[in-house]
Amino acid sequence: VIKTAEEIEKMRAAGKLAADVLEMIAPYVKVGVTTNELNDICAKYTEEQGAISAPLNYHGFPKSICTSINEVICHGIPSDRALKDGDILNIDITVIKDGYHGDTSKMFLIGDVSAKDKRLCRVAQESLYEAIKKVRPGMKLGEIGTIIEKYIKGKKTGLEKYSIVTDYCGHGIGAGFHEEPQVMHYKNNDKTVLRPGMCFTIEPMINAGRHTSVLDKDDNWTVTTSDGKNSAQWEHTLLVTDKGVEVLTLRTEEDFPRIINH
Ligand SMILES: CCc1ccsc1-c1ccc(O)c(O)c1
Ligand SMILES: [Mn+2]
Ligand SMILES: [Mn+2]
């Protein structure tokens, strides 16, 4: 749905706060810290900023952030599990500030991460950037997934054959956590035309092995790879502008432009 100028200001503020939470938590993300501790620090910070953590009680989710480690694709639940040397961790933050959502996630490399896992994380981030670079009014929504798939296929080597998780998508975002449209991360023909004022996330999940995912039957949340190989995800909340795109959740550490005009 197309946002008004006032709503766009609120999306900017929510996106900025979500990015700030990811920057704030970074120094705490070390071997030995538990994901429950990270959850509590993020929840407290978000509350202090006068915002709400969207995941808490969303469809019954029990915590304030998602923490997905190694073979966990997404929706990992914070627990007393301590981070270990070699882990790759996704922290997914969604905040509601003044009624509007900011949704973003990144990968953290814990201690000494293998070259393979570092490459998986880097390729996943680059696939997000490749897609963001192409976002502009008049573009067909399906081009986003097509770009990501083309990029990932091009990164194949003799040892690594990356795949794209198909069971979960990016999404429109605003006063609602999930709005129209669904944003597929794989090749598709969605002819929905992007318009200025649209806000949505792109959040590709890239697997080192097969694309298939398995939902944990005990906690009904944790999604893991079917072959036990690792997965990496990055997410940004984007605004379609008159001339291109604005990355509402950009962090200062990123070597990527906030605004791209075509
Ligand atoms: C934990 C929040 C949640 C619950 C059901 S889907 C979901 C979720 C998590 C992260 C996201 O980026 C997202 O768009 C949705
Ligand atoms: Mn998210
Ligand atoms: Mn999302």
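Residues numbered from 1 in each chain as written. Chains lettered and ligands numbered in written order. Predicted model: local features only at pLDDT ≥ 70, side-chain atom pairs only at ≥ 80, totals over all residues. Heavy atoms only, no water.

### Some thoughts on the side chain of Glu160
Quick note on the threshold: Helix and strand definitions follow DSSP, with helices as H or I runs of at least four residues and strands as E runs of at least two, each counted in order from the N terminus. Burial classes: relative accessible area under 20% of the type maximum marks a residue as buried, over 50% as exposed, and values in between as partly exposed (1.4 Å probe, protein chains only). Note on charges: Lys and Arg go in the positive column, Asp and Glu in the negative column, and His and the chain ends are not counted at all. Think of a salt bridge as a Lys or Arg side-chain nitrogen and an Asp or Glu carboxyl oxygen that are within 4 Å of each other. By definition in these notes, contact holds between two residues if any of their heavy atoms fall within 4.5 Å.
Note that Glu160 resides in the loop between α4 (142-154) and β6 (163-164). Of the side chains with opposite charge, Arg119 comes closest to the buried, unpaired Glu160, at an N-O distance of 4.8 Å. Not counting chain neighbours up to four residues away, the residues in contact with Glu160 comprise Lys116 and Arg119.

### Focus: the site of ligand 1
Which entries qualify depends on this criterion: Residue proximity to a molecule or strand is established when one non-hydrogen atom of the residue lies within 4 Å of it. Polar contact is defined as a pair of N or O atoms within 3.5 Å, subject to the rule that within protein one atom must be able to donate a hydrogen and the other to accept it, and that residues adjacent in sequence are counted only when both atoms are side-chain atoms.
The environment of ligand 1 is made up of 13 residues, and the closest members are Asp103, His171, His178, Glu203 and Glu235. Asp103 places a polar side-chain atom, nitrogen or oxygen, 3.1 Å from an oxygen atom of ligand 1. Note that an oxygen atom of ligand 1 is positioned 3.0 Å from one of the side-chain N or O atoms of Glu235.

### Let's talk about the sheet that holds strand β13 (residues 231-233)
What counts, and what does not: Strands were regarded as paired on the criterion that DSSP finds at least two bridges between them.
An order of β6-β10-β13 is seen for the three strands of this open sheet, with the pairing classed as antiparallel. Two strands close off the open sheet at either side, each with one partner strand: β6 and β13. With three bridges joining them, strand β10 (residues 205-207) and β13 adopt antiparallel strand pairing. Across the sheet, the residue bridging to Asn207 is Ser231, located in β13.

### Observations regarding the environment of Thr104
Mapped onto the fold, Thr104 is located in strand β5 (residues 100-109). What Thr104 contacts, discounting residues up to four positions off in sequence, is Ala18, Ala19, Leu22, Ile91, Asp92, Ile93, Glu235, His236, Thr249 and Arg251. A polar contact of 2.7 Å, which involves the side chain of Thr104, links it to the backbone oxygen of Glu235.

### Looking at the nonpolar core
Rule in force here: Buried residues of nine kinds, namely Ala, Val, Leu, Ile, Met, Phe, Trp, Tyr and Cys, make up a nonpolar core once their side-chain atoms join them within 4.5 Å.
The biggest cluster of nonpolar side chains holds 37 residues, and the ones touching the most others in it are Ile132, Val135, Ile144, Phe200 and Ile202. Contributing elements (two or more residues each) for this core: α3 (115-134), α4, β9 (199-202), β14 (236-240) and β15 (244-247). The element best represented in this core is α3, accounting for eight residues. Counting residues in hydrophobic clusters, the runner-up holds 20 residues, among them Ala18, Val21, Leu22 and Met24.

### Some words on the coordination of the manganese ion (ligand 3)
Working reference: metal with six octahedral donors, ideal angles 90 or 180 degrees; metal with four tetrahedral donors, ideal angle 109.5 degrees. Using the following cut-off: Coordination shells were defined by N, O and S atoms within 2.8 Å of each metal, extended to 3.2 Å for Na, K and Ca; water is absent from the atom set, which can make sites look incomplete. Only two sets of limits are used to name each site, 85 to 135 degrees for every angle of a tetrahedral four-donor site, and over 155 degrees for opposite donors with all other angles from 65 to 115 for a square planar four-donor or octahedral six-donor site, with any other site named irregular.
With distances of 2.1 to 2.2 Å, the protein atoms coordinating the manganese ion (ligand 3) are Asp103 (OD), His171 (NE2), Glu203 (OE) and Glu235 (OE). Classification of the site at the manganese ion (ligand 3) as irregular follows from its six donor atoms and the range of 72 to 166° in their angles at the metal. Between the manganese ion (ligand 3) and the manganese ion (ligand 2), a separation of 3.4 Å is found, and both are coordinated by Asp103. Taken together, the residues His171 in strand β7 (residues 170-172) and Glu203 in the loop between β9 and β10 connect sequence positions 32 residues apart. Glu203 matches His171 in its accessibility class, with the two residues each being buried.

### With respect to the sheet that holds strand β3 (residues 72-74)
Going by this rule: Lines are fitted to the C-alpha atoms to define the axes, a helix being fitted only along its stretch in contact, and any angle between axes, read from their N-to-C directions, falls within 0 to 180 degrees.
Overall, antiparallel pairing links the three strands, which are arranged β3-β12-β11 in an open sheet. The sheet is open, and its two edges are formed by β3 and β11 (213-215), each paired on a single side. Strand-to-strand, the axes of this sheet are offset by a mean angle of 40°, without reference to chain direction. Relative to strand β12 (residues 223-225), β3 is paired through two bridges, and the arrangement is antiparallel. Within the sheet, the bridge partner assigned to Cys74 lies in β12 and is Val223.

### Some thoughts on the state of the cysteines
Selection rule: Pairs of cysteine sulfur atoms within 2.5 Å are what we label disulfides.
Counted by the stated rule, this structure contains zero disulfides. For Cys66, which is in no disulfide, the shortest distance to another cysteine sulfur is to Cys74 and amounts to 7.7 Å.

### Some thoughts on the side chain of Ser213
Relative to the assigned elements, Ser213 resides in strand β11. Residue class for Ser213 comes out buried when judged on its relative accessible area of 18%.

Function cannot be read off these values alone, since they describe shape.
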